[in-house]
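# Survey of secondary and tertiary structure
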Amino acid sequence: MDCLFCKIACGEIPANIIYRDDLIVVFDDINPQAPHHKVIIPQKHIATLNEVHDEDSDLIGHMALSGAMLAKQLNIANEGYRLVLNCNPGAGQSVFHIHFHLLGGRRMNWPPG
Ligand code: AMP
Ligand code: ZN
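The structure reproduced in this document is the subject of the present report.

Thresholds applied
- Residues numbered from 1 in each chain as written.
- Chains lettered and ligands numbered in written order.
- Predicted model: local features only at pLDDT ≥ 70, side-chain atom pairs only at ≥ 80, totals over all residues.
- Heavy atoms only, no water.
- Pairing = 2+ DSSP bridges.
- Helix = DSSP H or I, 4+ residues; strand = E, 2+ residues; numbered from the N terminus.
- Axes fitted to C-alpha atoms, helices over the stretch in contact; angles between N-to-C directions.
- Contact = heavy atoms within 4.5 Å.
- Donors = N, O, S within 2.8 Å, 3.2 Å for Na, K, Ca; no water.
- Tetrahedral: all angles 85-135°; square planar, octahedral: opposite > 155°, others 65-115°.
- Buried < 20%, exposed > 50% of the residue type's maximum accessible area, 1.4 Å probe, protein only.
- Near = heavy atom within 4 Å.
- Polar contact = N/O pair within 3.5 Å; in protein donor to acceptor, adjacent residues only side chain to side chain.
- Nonpolar A, V, L, I, M, F, W, Y, C, P; charged D, E, K, R; others polar.

## Here's the deal with the sheet that holds strand 5 (residues 100-104)
The sheet built from five strands is open, its strands ordered 1-2-3-5-4 with antiparallel pairing. Every interior strand has two partners, whereas the edge strands, strand 1 (17-20) and strand 4 (81-84), have only one. Across this sheet, the average inter-strand angle for adjacent strands is 20 degrees, counted without regard to direction. Each of strand 1, strand 2 (24-28), strand 3 (36-42), strand 4 and strand 5 is contacted by helix 2 (residues 57-73), which is oriented at about 15 degrees to strand 5, the strand it contacts most.

## A short note on the coordination of the zinc ion (ligand 2)
The zinc ion (ligand 2) binds to the protein through Cys3 (SG), Cys6 (SG), His45 (ND1) and His97 (ND1), with metal-donor distances spanning 2.0 to 2.3 Å. Classification of the site at the zinc ion (ligand 2) as tetrahedral follows from its four donor atoms and the range of 105 to 116 degrees in their angles at the metal. Counting along the primary sequence, the residues that act as donors to the zinc ion (ligand 2) give the motif C-x2-C-x38-H-x51-H. You can see cysteine 3 sitting in the segment before helix 1 (4-10) and its partner histidine 97 sitting in the loop between strand 4 and strand 5, a full 94 residues away along the chain. An identical accessibility class is assigned to cysteine 3 and histidine 97; each is buried.

## Side note on the site of ligand 1
Every one of the 15 residues lining ligand 1 counts as a neighbour, but Asp29, Asn86, Gly92, Ser94 and His101 are closest to it. Interatomic distance of 2.5 Å between a side-chain N/O atom of aspartate 29 and an oxygen atom of ligand 1. Here histidine 99 contributes a side-chain N or O atom positioned 2.9 Å from an oxygen atom of ligand 1. At the level of elements, helix 1 and strand 2 are the ones that each hand at least two residues to the shell around ligand 1. For the shell around ligand 1, the element with the most residues is helix 1, which contributes three residues. Along the lines of polarity and charge, the residues of the shell around ligand 1 split into six nonpolar, seven polar and two charged.

Laid out in structure tokens, this is it:
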């Protein structure tokens, strides 16, 4: 599969992986938008949130809970952090393998751009 994040998950393309388990891989974003910017991906290839089905609900829950766990480990849980999932180009998705961005370490504005 010609997918950047599948290649990172299997080790074909290097990344600074900070967490991995049977379901997900988490690594540093190559172009960080905050002092802490991690990318949380499932090992399973799913192109966009529109292709997520009922059988993936545990996986999506695990991705979100892992974001919260990592925020605690990174010491940004209390000050606040953001978990972002962009769906399709109109929302800023550029890699078509679903991922949460975990952003923290600076003040976040609302609404997002
Ligand atoms: P999105 O625009 O929501 O699809 O997010 C894709 C993210 O992947 C962006 O924040 C990119 O900076 C990041 N990214 C792209 N290529 C790499 C890479 N080789 N290693 C780590 N992060 C990457
Ligand atoms: Zn993929």
